[in-house]
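Structure at a glance
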Amino acid sequence: MSPLALLHAWLAALIVAGSGLAIVDQPERFAPGIASTNHSEVRLTISPDGKTALWFSRNRPGGPGNHDIWMSRRTDGGWGAAVPVSFNSPGRDFDPAFSADGRHVYFSSDRPGGLGGDDIYRVAVTASGFGSPEPLGPMVNSSAKEWAPMLAPDGKTLLFSSDRAGGQGKQDLYIARRNKNRFAPAEPLPGALNTAADEFDVTFLADGRTIVFSRAADLRTDRIDLFAALPKAGRYPVGTKLDGVNGDKDSYGPMLDWSSPNMLIFSAERPGSGGMDLYRVRYRLEP
């Protein structure tokens with residue numbers, strides 16, 4: 001077998017030790033020139049019907065704030081021109097995530113009316129676009145910063161990060177159990193995953209158990225990488241680095257692709273890019 005063939009075979013089944021997760025093939029840049037541009041684009045989420053893509057940018061001109069959520073609609077001709085969503089505010093709006101049924105989008109915002117820094121909101125998806133955002137309230141939000149909400153595939157658990165008091169470090173991962181439209185008080189993700197480092201930007205995979213998340217010793221100054229973890233007896237281990245997707249620079253913003261649940265979405269800075277771009281890669285969960 002040639003060296004190139006050996007490399008392809010390695011890439012075709014890169015199993016992340018201890019996580020039961022295998023990265024398959026190489027990541028592909030999403031919608032170049034439309035979603036992935038010379039600006040910084042982060043945390044892509046795709047609706048279950050595959051027709052709507054949302055992401056946020058912290059420096060793309062044309063929105064009302066300094067962090068805005070953008071949208072592209074898919075037609076037979078491909079992905080259409082990107083436009084800011086109707087529920088952006090003059091402040092920071094970021095980390096969008098469709099629910100598995102496509103009926104809501106969860107996101108973070110520092111708009112007026114919240115409990116503190118960045119709070120988690122939910123907005124209904126309607127026939128004409130989107131409804132009015134509603135905060136998730138004090139069971140989920142705090143006076144600190146809540147980021148990267150993601151509702152599990154079964155709709156029963158909200159996963160997010162927060163730097164609230166009582167955590168292990170800076171940003172830590174939290175869960176809040178959902179019963180119909182109400183959430184129980186948020187609690188730290190059980191196990192050893194939260195550390196003195198920053199753990200943030202998290203997604204469930206299709207099994208509703210395996211998670212992919214971002215970690216940096218200090219996200220303000222150190223490189224950010226993606227990690228994966230599979231719980232044992234309901235508790236998450238510290239996690240294993242995802243060598244199949246991490247590069248020489250930052251990788252974060254993971255999200256399950258609801259339109260193709262065997263695809264993992266993430267954001268990364270790669271050579272020749274204009275900053276953070278959006279990528280999709282196929283994965284497989286090992287028994």
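Here, every reference points to the structure presented above.
Scope of this entry: the structure provided in the associated data block. Since this is a predicted model, take the numbers as computed values, not measurements.

Scoring rules and cut-offs
Residues numbered from 1 in each chain as written. Predicted model: local features only at pLDDT ≥ 70, side-chain atom pairs only at ≥ 80, totals over all residues. Heavy atoms only, no water. Salt bridge = Lys/Arg side-chain N within 4 Å of Asp/Glu carboxyl O. Helix = DSSP H or I, 4+ residues; strand = E, 2+ residues; numbered from the N terminus. Buried < 20%, exposed > 50% of the residue type's maximum accessible area, 1.4 Å probe, protein only.

1. Section: the pattern of salt bridges
Taken as a whole, this structure holds 15 salt bridges when the rule is applied. When the shortest N-O distance is used, the salt bridge between aspartate 25 and arginine 282 registers 2.8 Å. In this pair, aspartate 25 is assigned in strand 2 (residues 21-29) and arginine 282 in strand 24 (residues 276-285), connecting sequence segments 257 residues apart. Overall, the relative accessible area of 37% leaves aspartate 25 in the partly exposed class. In this structure arginine 282 comes out as partly exposed when scored by relative accessible area, which is 34%. Among the salt bridges present, the one from aspartate 118 reaches arginine 92, with a minimum N-O distance of 2.9 Å. Taken as a pair, aspartate 118 in the loop between strand 9 (104-109) and strand 10 (119-126) and arginine 92 in the loop between strand 7 (83-84) and strand 8 (93-98) lie far apart in primary sequence, 26 residues in all. Arginine 92 gets classed as partly exposed once you look at its relative accessible area, which sits at 22%. Salt bridges here are not isolated pairs; linked through shared partners, they connect Arg92, Asp110 and Asp118.

2. Quick look at unusual backbone geometry
Even without being a glycine, aspartate 95 presents a positive backbone phi close to 55°. One can find aspartate 95 in strand 8. Backbone geometry places alanine 233, a non-glycine residue, at a positive phi of 55°. Following the sequence through the fold, alanine 233 ends up in the loop between strand 20 (225-229) and strand 21 (240-241).

By themselves, these figures tell us nothing about what the structure is for.
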